[in-house]
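What the coordinates show
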Amino acid sequence: MRKILLTFLCSIGIWAGLQAQTITLHVETPGSLSGMIASSKKYQITDLVLTGTLNGLDIILLRDMAGSDKYGSSTSGKLETLDISGVDFASNDKTVYLEADRNDLVGTYSIAGNQYPPDTSEGGIKYVFYNCHSLKKVICVDYVREGWFENCSNLEEVTITEGESGGIEDKAFRNCTSLKRVNLPDYYPDFRIGTQAFENCTALETFVIPENFRFIGEYSFRGCTNLHEIDLGGIKFLNCLAFDGCDRLSKLYLPATLEGLTFDEYEVLRPFSRRDGHIYGNGLEDITVDPDNTVYASSDGVLFTKNFDRLMQFPVKKKVLEYEIPYGVDTVDERAFRDVSLEKIILPATIKTVVGAFQTIKDVKEVYVYAAVPPELDFFPDEITKTATLYVPKGTYNDYWLAYGWGDFFDIKEVDVPVSVEDGKMNFAYRLDGDCLVVTGFGNDVPELFDTAGRKQCGDMTADGVARFTLPAHGLYVLKCGGESIKIRF
């Protein structure tokens, strides 16, 4: 009895070892995969490496081995690790490999019937491994087509190989709720991530973008509720809705390569000029822009255009009670303060328009506007206009009381404007660049910066006649140059 039991246990051990082996097969003739794997073994293979050319019949078998038949229904397949990085597809094959009639996917799919781009050996086949629940680890070709791994709920890791060009198309990994790791090459020419590519990948925590990355599309990471860190690498264009619903993504660093924030993918074909470049991120506390970026800039975690004349976005979860918009800003974008909670907000004398900026702002008790002419405004929420106090420059009460939007405030009071800036009378120019004050056009004079206590601030002069002062803290400063002086509030 003991001998029989020992023999039985050894047999189990040997069989377990066989199951753990990686099977490597080359498909020379498309459609021949079923002749290489006995039907009695197809549900026993857990690790498979394929090379060669596949057609629809081969895909049907692979789907079966990976836990889903051609109708998207479950099978007994146990395939966990699949390497198809060396695979091409028979571009003219019309065999239906997936025929779905479900709420989340409807259609009939074959290689030739879904070919994009045309006339390539890779084909454009869609939803190849849709709903294949046994897959846990996949190594792909450089281009992951639309819906390839959608609803693969147990997929944990994917590696995409390097190629001359590549991308991740729409819904490629949508609803892969166990996906934790995505390995991309360090460099990928014009690589893009399509619409909803990683939507609802709730286990995904970090993501690293390669260099020379072109575009991240609409809702690419929507619903990735555990994504807390993303490295945008060398990205060029970012859809504003890419991170909608990413509640744990608190900090976003925009690289020097970023050229545009857009709602429209076709907008990347022309210079970005729309006002609504607002990044939807439910958990954002800080947006920082690389100083070398030529389009955007940031100060104190707030997003601006490069020359700081337009405030684009105040992060929705930024942890401050009050905020003063920097002097020089003349426009606050629509939705810039979307769902933001602040008790006090200060608008500078340079402000001209805030249409749509404060429609959903919350908890405001005080609004200070230092512009002598009421800026263009649509409205503040009723609960704010009824309870908050609007402070305006002395002598402008009637102007604000009559002005559209501003006149909705029940309580309007006049105050002295704390900083008087005689704009246009200086022989030099200045601007804010992040936490630095940049002074130009001063000729042979040497600009000097002082705080309110008279302490001189350190600055650097460059060979091209530019002075830069790093501002140590928010507050009032005095800039002197050539016998003239100006007060600056930062």
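Because the structure is predicted, anything quoted here is derived from the model rather than measured. (Residues numbered from 1 in each chain as written. Predicted model: local features only at pLDDT ≥ 70, side-chain atom pairs only at ≥ 80, totals over all residues. Heavy atoms only, no water.)

1. Topic: the sheet that holds strand E24 (residues 344–347)
Heads up, the condition is: Note on pairing: DSSP must find at least two bridges between two strands before they are called paired. Think of it this way: any DSSP run of H or I at least four residues long counts as a helix, any run of E at least two long counts as a strand, and we number them from the N terminus. Lines are fitted to the C-alpha atoms to define the axes, a helix being fitted only along its stretch in contact, and any angle between axes, read from their N-to-C directions, falls within 0 to 180 degrees.
Reading across from one edge, E22-E24-E25-E26-E27 is the order of the five strands in this open sheet, with parallel pairing throughout. The sheet terminates laterally at strand E22 (322–324) and strand E27 (411–415), the two strands that pair on one side only. Adjacent strand axes in the sheet meet at a mean angle of 15 degrees when their direction is disregarded. Pairing of strand E26 (residues 389–393) with E27, which is carried by five bridges, proceeds in the parallel orientation. Among the inter-strand pairings, Pro-393 is bridged to a residue of E27, identified as Val-415.

2. Considerations on the pattern of salt bridges
Condition: Salt-bridge detection follows one rule: a side-chain nitrogen of Lys or Arg within 4 Å of a carboxyl oxygen of Asp or Glu. The classification of residues rests on relative accessible area computed with a 1.4 Å probe and restricted to protein chains. Under 20% of the type maximum is buried, over 50% is exposed, and intermediate values are partly exposed.
Counted by the stated rule, this structure contains 14 salt bridges. The shortest N-O distance in the salt bridge between Glu-448 and Lys-456 comes to 3.0 Å. On the basis of relative accessible area, Glu-448 is assigned to the partly exposed category, the value being 28%. Three or more residues are tied together by salt bridges with common partners; here these are Glu-150, Arg-174, Glu-199 and Arg-222.

3. Considering the packing of aromatic side chains
Rules: By convention, a stacked pair of Phe, Tyr or Trp rings (six-membered ring in the case of Trp) has centres within 6.5 Å and planes under 30 degrees apart, an edge-to-face pair has planes over 60 apart, and any other such pair is tilted.
Applying the stated criterion across every chain, the model contains 22 aromatic pairs. Their ring planes at 50 degrees and their centres at 5.9 Å tell us that Phe-380 and Trp-406 sit as a pair that is tilted. Of the two residues, Phe-380 sits in the loop between strand E25 (366–369) and helix H3 (382–387) while Trp-406 sits in the loop between helix H4 (397–402) and E27, which places them 26 residues apart along the sequence. The class of Phe-380 is buried, set by a relative accessible area of 1%. Look at Trp-406 and you get buried, because its relative accessible area is 0%.

4. Some details on a nonpolar patch on the surface
Threshold: Patches were defined on residues exceeding 30% relative accessible area and lacking a salt bridge, with like-charge contacts within 9 Å and nonpolar side-chain contacts (Val, Leu, Ile, Met, Phe, Trp, Tyr) within 5 Å. Methods summary: accessible areas were calculated by the Shrake-Rupley approach with a probe of 1.4 Å, and residue burial reflects only the protein chains presented.
Judged by side-chain polarity, Tyr-397, Trp-401 and Leu-402 come together as a nonpolar surface patch covering roughly 360 Å² of accessible area. Note that Leu-402 resides in helix H4.

5. Details of the pairing of strand E4 (residues 96–101)
Two strands pair when backbone bridges link them, and E4 and strand E5 (residues 106–110) are joined in this way by five bridges, in the antiparallel orientation. Bridge assignment links Ala-100 to a residue of E5, and that residue is Gly-107. Between E4 and E5, which follow one another and run antiparallel, lie four residues.

6. Side note on the environment of Gly-67
We count it as follows: Whether two residues are in contact is decided by their heavy atoms: any pair within 4.5 Å suffices.
In this structure, Gly-67 sits in the loop between helix H2 (56–65) and strand E3 (81–89). With a relative accessible area of 0%, Gly-67 lands in the buried category. Once the C-alpha coordinates of Gly-67 and Leu-135 are considered, the two residues, 68 residues apart in sequence, prove to be 7.8 Å apart. Once residues lying within four places of it in the same chain are set aside, the contact partners of Gly-67 are Ser-73, Ser-74, Thr-75, Gly-77, Asn-131, His-133 and Ser-134.

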